[in-house]
Amino acid sequence: TYGIEFSPSGSLLYVSAAGTAQIYQYNLQAGSEEAIKKSGVMIGKSSIANWIGALQIAIDGKIYFTQYEKPYLGCIPSPNTLGVGCGFEEKK
């Protein structure tokens, strides 16, 4: 784990996996600790960078993320949406 951020609703947690260029989403309302761990789903993997770093929610309600040696940010446009429907944009 490198970066983490909560969805605006606080019900979902986003985690960037260090060295993998992947972002995972966890449903914090899944129930038990074990159920939350099992709820993890990869919502995206960068095809343009080998590392995704920090995640940060912005005033527009979207979550932005850094990509190693790239001059732009990636974005999760609908972070309150459960699963891959939350979106994953490599260039924003």
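A.B. asks: Would you mind going over the pattern of salt bridges with me for this structure?
C.D. replies: Pairing is possible between side chains that carry opposite charge, provided their charged atoms lie close to one another. A full pass over the atoms with the stated rule returns 1 salt bridge. A salt bridge links Glu33 to Lys37, with the shortest nitrogen-to-oxygen separation between them at 3.4 Å. Here Lys37 and Glu33 lie together in helix α1 (residues 33–38), a separation of 4 residues that amounts to about one turn. Pair check on accessibility: Glu33 and Lys37 agree, each one exposed.

A.B. asks: Even after reading the chapter, I still don't get the packing of aromatic side chains, so can you show me in this structure?
C.D. replies: Any two aromatic rings considered together are summarised by their centre-to-centre distance and by the angle between their planes. Throughout the structure, instances matching the rule amount to 2 aromatic pairs. For the ring pair Tyr2 and Trp51, a centre distance of 5.9 Å and an interplane angle of 80° mean the geometry is edge-to-face. Of this pair, Tyr2 sits in the segment before β1 (4–6) while Trp51 is found in the loop between β4 (41–45) and β5 (52–57), placing the two residues 49 residues apart along the sequence. On the basis of relative accessible area, Trp51 is assigned to the partly exposed category, the value being 31%. Measuring from ring centre to ring centre gives 5.2 Å for Phe65 and Phe88, while their planes differ by 20°; the resulting arrangement is stacked. Of the two residues, Phe65 is situated in strand β6 (residues 63–67) and Phe88 in the segment after β7 (74–76); the sequence distance between them amounts to 23 residues.

A.B. asks: How do you make sense of the sheet that holds β5 when you look at a structure like this?
C.D. replies: Through backbone hydrogen bonds, the strands of a sheet pair up, either in parallel or in antiparallel fashion. In spatial order, the strands read β5-β6-β7; together these 3 strands make up an open sheet with antiparallel pairing. Looking along the sheet, the strands with just one partner apiece sit at the ends: β5 and β7. Each adjacent strand pair in this sheet contributes to an overall mean axis angle of 25°, direction not counted. With 4 bridges joining them, β5 and β6 adopt antiparallel strand pairing. Pairing of Ile52 across the sheet is with Gln67, part of β6.

A.B. asks: What am I meant to see in the nonpolar core here?
C.D. replies: Side chains of a nonpolar character, in soluble globular proteins, are inclined to be buried together. Grouped together as the largest cluster of nonpolar side chains are 11 residues: Leu12, Tyr14, Ala21, Ile23, Ile43, Ile52, Leu55, Ile63, Phe65, Ile76 and Cys86. Counting only elements with at least two residues in this core, the list comes to β2 (12–17), β5 and β6. Ignoring sequence-local partners within four residues, the contact set of Leu55 consists of Gly3, Ile4, Glu5, Tyr14, Val15, Ser16, Ile23, Ile63, Tyr64 and Phe65.

What counts as what
- Residues numbered from 1 in each chain as written.
- Predicted model: local features only at pLDDT ≥ 70, side-chain atom pairs only at ≥ 80, totals over all residues.
- Heavy atoms only, no water.
- Salt bridge = Lys/Arg side-chain N within 4 Å of Asp/Glu carboxyl O.
- Helix = DSSP H or I, 4+ residues; strand = E, 2+ residues; numbered from the N terminus.
- Buried < 20%, exposed > 50% of the residue type's maximum accessible area, 1.4 Å probe, protein only.
- Phe/Tyr/Trp six-rings, centres within 6.5 Å; stacked < 30°, edge-to-face > 60°.
- Pairing = 2+ DSSP bridges.
- Axes fitted to C-alpha atoms, helices over the stretch in contact; angles between N-to-C directions.
- Core = buried A, V, L, I, M, F, W, Y, C linked by side-chain atoms within 4.5 Å.
- Contact = heavy atoms within 4.5 Å.

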